[in-house]
Amino acid sequence: MASVPTVKVKIHLPPQPAAAVSVKLPFPASPELRLAQLSPGPRFDSVASFTPERWFELEAYRPRALAGETADLERLLEQVQFGMLELSSVDRAVLVLTRYRSRPMSDVSRVALWQGFGVPTFELYLGPDNSLLAAECEAREGWHLEPGVECWSHDDELILDSPGNYGLRTGLTATVEGTACPCGRTTPRLVNIEAIERPALPRRLAASA
Ligand SMILES: [Zn+2]
């Protein structure tokens with residue numbers, strides 16, 4: 001019996017979109033909350049992304065909450081204060097995305113964003129893959145570790161382990177608080193979070209003898 005020639009066909013499947021994560025927002029939010037995200041970050045359940053080229057579309061979207069890195073939020077606030085954008089629709093919160101190994105938001109930035117947008121700010125700490133590692137709670141009693149995230153310290157540096165991200169050196173020091181939080185959550189939380197001031201690396205290696 002003649003064999004049937006096999007034809008190999010390469011099928012290129014479209015990349016599967018990453019599953020949206022359910023991030024518990026640190027304030028009461030309905031699924032219909034219009035949240036505008038200015039910087040890459042976790043995929044919130046319902047969110048519209050606005051890269052800087054699309055910021056002019058924000059007025060029409062009328063977001064009630066914003067999420068972004070400090071630098072992007074400050075640039076956006078500048079445009080609002082210069083009268084280039086009208087964002088009085090923001091009436092819920094500003095979520096500040098602090099990336100792994102970046103410095104936490106400064107008090108100066110926190111006050112500027114809070115007063116500028118007229119809503120409270122909450123800090124979310126993201127891993128190298130934009131996953132959520134820890135989040136500031138509404139009681140402002142530190143950053144609660146997300147489920148599945150564990151911490152330890154090495155030479156006073158906070159190290160985080162999360163599924164797929166083990167041994168993340170944060171460049172931060174922090175105290176782990178295990179007591180129940182005034183916000184009602186009982187998950188461990190990080191308090192007294194500070195960036196480690198590292199001595200500058202030598203500009204060049206010493207000449208060999
Ligand atoms: Zn709390």
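Look up a bit, the structure's there.
Residues numbered from 1 in each chain as written. Predicted model: local features only at pLDDT ≥ 70, side-chain atom pairs only at ≥ 80, totals over all residues.

*Asks:* Which residues make up the pairing of strand 10 (residues 165-169), and what values do they have?
*Replies:* Sheet faces and side chains relate simply in a regular strand, where the side chains alternate between the two faces. Here strand 9 (residues 157-162) runs beside strand 10; their pairing, made up of 3 bridges, is antiparallel. Bridge pairing in strand 10 links Leu-160 to Leu-168. Linking strand 9 back to strand 10 in an antiparallel pair, the connection comprises 2 residues, with Gly-164 at a positive phi of about 85°. (Pairing = 2+ DSSP bridges. Helix = DSSP H or I, 4+ residues; strand = E, 2+ residues; numbered from the N terminus.)

*Asks:* Describe unusual backbone geometry, listing the residues and the values that go with them.
*Replies:* Its identity is not glycine, yet Arg-101 carries a phi of approximately 75°, on the positive side. Residue position: Arg-101 is located in the loop between strand 4 (93-99) and helix 3 (107-117). The backbone of Asn-130 sits at a positive phi, close to 70°, despite the residue not being glycine. Following the sequence through the fold, Asn-130 ends up in the loop between strand 5 (121-126) and strand 6 (132-136).

*Asks:* Describe in detail the nonpolar core, supporting the description with residues and values.
*Replies:* Counting residues in hydrophobic clusters, the biggest one holds 40 residues, and the most contacted among them are Leu-66, Leu-73, Val-94, Leu-95, Leu-124 and Ala-134. The element contributing the most residues to this core is strand 4, with 5 residues. Each of domain 1 (32-130) and domain 2 (140-197) accounts for three or more of the residues forming this core. (Core = buried A, V, L, I, M, F, W, Y, C linked by C-beta atoms within 7 Å. Buried ≥ 20, exposed ≤ 12 C-beta atoms within 10 Å, placed from the backbone. Domains from an automatic or database assignment.)

*Asks:* Help me get a handle on the sheet that holds strand 8 (residues 150-154), residues and values and all.
*Replies:* With respect to topology, 3 strands assemble into an open sheet ordered 8-9-10, the strand pairing being antiparallel. The outermost strands of the open sheet, each flanked by one partner alone, are strand 8 and strand 10. Shown here is a sheet whose adjacent strand axes are inclined to one another by a mean of 25°, direction ignored. (Axes fitted to C-alpha atoms, helices over the stretch in contact; angles between N-to-C directions.)

*Asks:* Kindly report on the environment of Glu-74, identifying the contributing residues and their values.
*Replies:* Of note, Glu-74 is situated in helix 2 (residues 70-81). Given 14 C-beta atoms within 10 Å, Glu-74 falls into the partly exposed group. As for Glu-74 and Ser-109, which are separated by 35 residues in sequence, their C-alpha atoms are 7.9 Å apart. Not counting chain neighbours up to four residues away, the residues in contact with Glu-74 comprise Ser-109 and Ala-112. (Contact = placed C-beta atoms within 7 Å.)

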